[in-house]
Amino acid sequence: MLIRRRFGWEIPEAAATPESVALGRRSLIGGAAALGLAGSARDARAALPAEAAEFAGPMSAPVDQRYQPGRPFTPTENVYTYNNYYEFGEEKGIWRQAERLPMQPWSITIDGLVAKKRTIAFEDLLKQVTLQERLYRHRCVEAWGITIPWTGFPLKRLLEIAEPLSAAKYVIFYTAENRRYMPGLSEAWYPWPYTEGLTMFEAENDLAIIAVGLYGQKLKPQNGGPIRLVVPWKYGFKSAKAIVRVTFSDKRPLTFWAEVDGNEYGFWANVNPAVPHPRWSQARERLIGFDKVVPTQIYNGYAEWVADMYKGIKGQQLFR
Ligand SMILES: Nc1nc2c(c(=O)[nH]1)N[C@H]1C(S)=C(S)[C@@H](COP(=O)(O)O)O[C@H]1N2
Ligand SMILES: [Mo]
């Protein structure tokens, strides 16, 4: 039975640990060297196990100019050190632990309602796609936002590779469970593995991407490396990190946070400033790294590309 408890990332930003405290803590544990900032990247990498060091490196691609984020990029050090990743723990500062996650070898199993079940090695998948850079806003349900350049490819391309049957209505993402490296997995009240899903029509939307890079570098483990989902018009919890299995189904999956508390976190989770979370407003968001609060936009500013998908859907909680 699930006991109702308060989770770190459910706490509205005003009540959460102020970032200045996190920054202070970071400088205590080694400042720039520990962060791998310019000039010290080599030292930082030397501290990682061989697999992790090998995985670091460039992952750049031409920018898709259609999507302009409309606000400055979040400083890299904030994006690399302020994360939600419950497999590693409930705190924002799990990056040092996460950076040890071995990402080689990595493969993705494709199964369920598909022409042919199979497992593809990460590097073989990369050979079948054309990478591009997408400059996206990201809006966490906790009322904070970041702005980041992802390197990746349309999720639609993964669907072409997977060849789902026409009976498939949902695509479901299951994510890594590495007990040795992910201490959060021993918190047994969470319904591991972290699971997310989309309807097929959402998955075919051009905005939905699979990311393998960030800021022109291979995706770091704390940001979901080596491979994650990015659906920028939805609350951040939909964008599952560290994908190991993609399943096609005719049934809606029970996703991770909906299973934890379906009243607070649903399947659709589209961003809407007018629909408050049961315990806080969604009208505004704090921009991490800028000490600035801005109004939240409907569909996180992506209505032009996504609103039509939901026109015929009535009587469902589209915004939670
Ligand atoms: N596997 C997994 N994916 C996850 C999460 C998680 O805990 N585990 N957290 C989600 C949440 S709540 C957010 S806001 C984003 C955070 O991504 P970032 O740390 O790269 O900014 O990842 C999402 N994907
Ligand atoms: Mo989030």
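Structure first, text after, so check above.
Described in the following lines is the structure provided in the data block. (Residues numbered from 1 in each chain as written. Chains lettered and ligands numbered in written order. Predicted model: local features only at pLDDT ≥ 70, side-chain atom pairs only at ≥ 80, totals over all residues. Heavy atoms only, no water.)

Applying the stated criterion across every chain, the model contains 25 aromatic pairs. For the pair Tyr82 and Trp144, a centre-to-centre distance of 5.1 Å together with 80° between the ring planes defines the contact as edge-to-face. Note that Tyr82 is positioned in the loop between α5 (76-81) and α6 (95-98) and Trp144 in strand β4 (residues 144-154), a separation of 62 residues in sequence. What makes Tyr82 buried here is its relative accessible area of 10%. Centre to centre, the rings of Trp268 and Tyr310 are 5.8 Å apart; their planes meet at 85°, and the pair counts as edge-to-face. (Phe/Tyr/Trp six-rings, centres within 6.5 Å; stacked < 30°, edge-to-face > 60°. Helix = DSSP H or I, 4+ residues; strand = E, 2+ residues; numbered from the N terminus. Buried < 20%, exposed > 50% of the residue type's maximum accessible area, 1.4 Å probe, protein only.)

Close to ligand 1 lie 18 residues, the nearest being Asn83, Tyr86, Glu87, Arg228 and Lys241. Asn83 places a side-chain nitrogen or oxygen 2.9 Å from an oxygen atom of ligand 1. Residue Arg228 places a side-chain N or O atom 2.8 Å away from an oxygen atom belonging to ligand 1. Among the cavities detected, the one that contains ligand 1 is the largest cavity. (Near = heavy atom within 4 Å. Polar contact = N/O pair within 3.5 Å; in protein donor to acceptor, adjacent residues only side chain to side chain. 1 Å grid on protein atoms, 1.4 Å probe; cavity = no way out; pocket = protein on both sides within 12 Å on 5 of 7 lines; lining within 4 Å. Sits in = over half its atoms within 2 Å of the grid points.)

Further remarks concern helix α8 (residues 155-162). The set of residues buried in α8 consists of Leu155, Leu158, Leu159, Ile161 and Ala162. Projected down its long axis, α8 shows its buried positions confined to an angular sector of 160°, all on one face. (Arc of directions from axis to C-beta.)

Relative to the elements of secondary structure, Ala274 occurs in the loop between α10 (256-260) and β11 (284-287). In the structure, Ala274 is positioned 22 residues away from Thr296 in sequence and 9.1 Å away in space, judged by C-alpha atoms.

Within the largest apolar cluster, 87 residues are counted, with the highest numbers of intra-cluster contacts made by Phe173, Trp233 and Phe248. Those residues in contact with Phe248, other than ones at most four positions away along the chain, are Ile110, Asp111, Gly112, Leu113, Val114, Leu159, Ala162, Pro164, Ala168, Tyr170, Val171 and Met200. (Core = buried A, V, L, I, M, F, W, Y, C linked by side-chain atoms within 4.5 Å. Contact = heavy atoms within 4.5 Å.)

Another aspect to go through is the pattern of salt bridges. Considering all chains together, one arrives at 16 salt bridges under this definition. Residue Lys251 pairs with Asp250 through a salt bridge whose shortest N-O separation is 3.2 Å. For Lys251, a relative accessible area of 57% translates into the label exposed. Exposure remark for Asp250: the relative accessible area of 37% places this residue in the partly exposed category. Shared partners join several salt bridges into a network, and the residues in it are Asp64, Arg66, Arg134 and Asp206. (Salt bridge = Lys/Arg side-chain N within 4 Å of Asp/Glu carboxyl O.)

This part takes up empty space enclosed by the protein. Remark: the empty space left among the atoms is shown by a probe the size of a water molecule rolled over them. Under the criterion given, the structure shown has three cavities of 30 Å³ or more. The calculated volume of the largest cavity comes to roughly 310 Å³. If you list the elements that add at least two residues to the lining of the largest cavity, you get β3 (132-140) and β4. With four residues, the top contributor of residues to the lining of the largest cavity is β4. Looking at the lining of the largest cavity residue by residue, the classes come out as 14 nonpolar, six polar and three charged. Taken together, the residues that form the lining of the second largest cavity break down as five nonpolar, two polar and two charged. (Points joined across faces, edges and corners; volume = space filled by probe spheres on them. Nonpolar A, V, L, I, M, F, W, Y, C, P; charged D, E, K, R; others polar.)

In this section: unusual backbone geometry. Here Trp192 and Pro193 are connected by a cis peptide whose omega angle stands at 0°. With respect to the secondary-structure elements, Pro193 resides in the loop between β5 (170-175) and β6 (195-199). Note that the residue after Gly225, namely Pro226, is joined by a cis bond; omega there is 5°. Note that Pro226 resides in the loop between β8 (217-218) and β9 (228-230).

So, about the sheet that holds strand β1 (residues 107-112). One open sheet holds the five strands; their spatial order is β2-β1-β10-β5-β6, and the pairing between them is mixed. Taken across any chain shown, the strands that pair with only one partner, and hence form the sheet edges, are β2 (118-121) and β6. Taking the axes of each pair of neighbouring strands and ignoring which way they run, one obtains an average angle of 20° across the sheet. Relative to β2, β1 runs antiparallel, the two being bridged by four bridges. Counterpart to Thr109 in the pairing with β2 is Thr119. (Pairing = 2+ DSSP bridges. Axes fitted to C-alpha atoms, helices over the stretch in contact; angles between N-to-C directions.)

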